[in-house]
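Residues per chain are reported as follows:
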Amino acid sequence: MVVKINENYLKLKSSYLFVEVARREQEFIKNNPDANVIKMGIGDVTKPLVPAVIDAFRNAVEEMADGETFMGYGPEQGYEFLAEAIIKNDYETYGVSLDTSEVFISDGAKCDTGNIQEIFGIGNKIAVTDPVYTVYVDTNVMAGRTGEMGEDGMYEGLTYLKCNAENGFVPELPDEPVDIIYLCYPNNPTGTTLTKDQLKVFVDYAKENKALILFDAAYEVFINEDNVPHTIYEIEGAKEVAIEFKSFSKTAGFTGTRCAYTVVPKELKGFTEDGEEVEINPLWNRRQTTKFNGVSYPVQRAAEAVYSPDGKKQIMEVVDYYMENAKIIRESLTDMGLEVYGGVSSPYIWVKTPNNMDSWDFFDILLNDANVVGTPGSGFGPSGEGYLRLTAFNTLENTLEAMDRISKLEF
Ligand SMILES: *Cc1c(COP(=O)(O)O)cnc(C)c1O
């Protein structure tokens with residue numbers, strides 16, 4: 001007997017991007033120990049949890065210290081108090097009603113967007129945008145829904161929907177039949193959004209083709225445009241065709257605290273090989289109750305406080321701080337004659353490299369000549385070549401300093 005591995009894992013390309021960014025950054029720092037390097041590649045929040053959240057978190061920890069209020073295993077799907085707060089604030093505000101049984105609280109949108117594929121058949125044809133949040137791709141590679149990665153950086157068997165300046169970062173509908181489409185809006189990495197009408201095109205496609213949309217709205221809190229939907233369920237009929245993922249990570253600085261949720265509407269149906277219709281909600285419920293133990297009680301109380309009047313106010317101050325940085329980056333780079341996208345309803349700014357330089361060459365110029373670290377767009381997919389991502393998660397002072405340094409460069 002020998003142990004047989006899941007050979008699909010061998011198809012995965014090592015996550016070269018952030019490793020290589022760190023390597024080049026470290027090498028630069030080693031050769032230039034006095035340089036003040038400004039990191040604008042960070043895809044993580046930097047501000048601490050707000051006081052309203054900390055108070056609720058601390059109170060819940062105190063409850064755990066007392067035999068009268070101690071909590072053991074909770075419901076795997078999350079506590080009702082948090083599901084109710086989510087529905088009231090994130091859905092009813094936008095005219096969407098949901099039942100708490102349709103909301104699954106979890107420890108991350110990365111985990112949920114990664115795990116969701118296991119309740120769907122291996123034969124489903126998958127579409128992703130290009131560039132893409134790599135979790136969607138890699139988890140389908142692991143499951144065996146793709147072949148090998150080709151020379152062009154695309155996995156065989158996956159459908160890539162190009163997003164670039166030419167199409168205004170609005171993906172076109174797949175030109176071959178697909179069953180499942182991953183969409184992330186506001187988008188990571190491009191920072192661009194879809195309007196209600198643009199998203200409706202996908203919802204209508206899914207309805208017509210009995211396809212499913214997996215909608216990642218992790219950056220919803222940053223939306224600043226009126227015609228951009230805060231939830232896919234603002235689009236008529238979306239409950240029949242879409243699962244939505246949201247997270248407290250970027251919303252409320254929970255990247256190290258861990259809380260997110262996934263909405264699986266009761267209306268959503270899939271099919272057996274024999275064409276029999278099956279509700280998807282009970283499948284995800286079964287998956288979560290079998291493999292997941294729920295989010296800790298203090299963390300769920302902390303997340304609930306995000307929706308308190310003080311919590312909302314304090315969180316909007318943090319969001320506004322990041323978005324002021326985004327505005328500065330967008331406007332400064334535009335003034336320098338660079339083409340920039342995103343940054344209006346997103347903490348990410350997607351910069352077209354000057355003179356058709358490739359992503360890594362532009363990365364090196366920014367690092368060596370301005371001591372600013374970005375993330376090369378090519379690392380997010382072939383259509384990211386020729387772009388670079390900057391983030392608004394640094395301090396205002398560093399953001400201003402970085403823009404001042406970049407403005408002195410000659411391209
Ligand atoms: C940061 C991020 C998330 C959130 O992930 P968590 O696991 O909840 O921290 C989800 N999707 C995208 C595209 C992200 O960038």
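Residues numbered from 1 in each chain as written. Predicted model: local features only at pLDDT ≥ 70, side-chain atom pairs only at ≥ 80, totals over all residues. Heavy atoms only, no water.

## With respect to the packing of helix α1 (residues 16-31) against helix α11 (residues 359-370)
Next, step 1: Two elements in contact, α1 and α11, have axes separated by 11 Å at closest approach and are oriented at 30°. Here α11 runs roughly parallel to α1, going by the angle between their axes. Considering how the two elements wind past one another, α1 and α11 form a crossing that is right-handed. From α1, Y16, L17, E20, V21, R24, E25 and F28 reach across to α11, where they touch W360, F363, D364, L367 and N368.
Next, step 2: The residue inventory of the contact of α1 with α11, partitioned by class, reads 7 nonpolar, 1 polar and 4 charged. (Axes fitted to C-alpha atoms, helices over the stretch in contact; angles between N-to-C directions. Helix = DSSP H or I, 4+ residues; strand = E, 2+ residues; numbered from the N terminus. Parallel < 35°, antiparallel > 145°, perpendicular 65-115°, else oblique. Left-handed = near helix turned anticlockwise from the far one by under 90°. Contact = heavy atoms within 4.5 Å. Nonpolar A, V, L, I, M, F, W, Y, C, P; charged D, E, K, R; others polar.)

## Some points on the nonpolar core
Next, step 1: Grouped together as the largest cluster of nonpolar side chains are 101 residues, with contacts concentrated most on F248 and F254.
Next, step 2: Looking at which element gives the most residues to this core, the answer is helix α10 (residues 309-335), with 9 residues.
Next, step 3: F254 has contacts with L49, V53, F248, S249, C259, V299, A302, A303 and V306, leaving out every residue within four places of it along the chain.
Next, step 4: In this structure, I116, F120, V128 and Y182 belong to the second largest nonpolar core, which totals 24 residues. (Core = buried A, V, L, I, M, F, W, Y, C linked by side-chain atoms within 4.5 Å. Buried < 20%, exposed > 50% of the residue type's maximum accessible area, 1.4 Å probe, protein only.)

## Side note on the environment of I86
Next, step 1: With respect to the helices, strands and loops of the structure, I86 is situated in helix α3 (residues 80-91).
Next, step 2: Here the alpha-carbon distance between I86 and E151, two residues 65 residues apart in the chain, equals 44 Å.

## Points about the site of the ligand
Next, step 1: If you check the shell around the ligand, you find 14 residues, and the closest are D216, Y219, S247, S249 and K250.
Next, step 2: A distance of 2.7 Å separates a nitrogen atom of the ligand from a polar side-chain atom of D216.
Next, step 3: Here an oxygen atom of the ligand sits 2.8 Å away from a polar atom, N or O, in the side chain of R258.
Next, step 4: Contact with the protein chains covers 93% of the free accessible surface of the ligand, which is 390 Å².
Next, step 5: Elements that contribute at least two residues to the shell around the ligand include exactly α4 (109-115) and α7 (248-252).
Next, step 6: Looking at the shell around the ligand, its residues break down into 6 nonpolar, 4 polar and 4 charged. (Near = heavy atom within 4 Å. Polar contact = N/O pair within 3.5 Å; in protein donor to acceptor, adjacent residues only side chain to side chain. Areas by Shrake-Rupley, 256 points an atom, 1.4 Å probe, with all protein chains shown as cover.)

## Let's talk about the packing of aromatic side chains
Next, step 1: The final tally for this structure, using the stated rule, is 23 aromatic pairs.
Next, step 2: A centroid spacing of 4.8 Å and a plane angle of 50° characterise the contact between F169 and Y341, whose relative ring orientation is tilted. Placement of F169 in the loop between β4 (159-162) and β5 (180-184) and of Y341 in strand β11 (residues 340-342) is noted, with a sequence separation of 172 residues between them.
Next, step 3: Ring geometry for F362 against F411: centres 5.7 Å apart, planes inclined by 65°, an arrangement best described as edge-to-face. (Phe/Tyr/Trp six-rings, centres within 6.5 Å; stacked < 30°, edge-to-face > 60°.)

## A closer look at helix α5 (residues 134-143)
Next, step 1: Among the residues of α5, V135, Y136, V137, T139, N140 and V141 are the ones counted as buried.
Next, step 2: Elements that come into contact with the buried residues of α5 comprise α4, β3 (126-130), β4, β5 and β6 (212-216).
Next, step 3: Two residues or fewer after α5 comes G144, characterised by a positive phi angle close to 95°.

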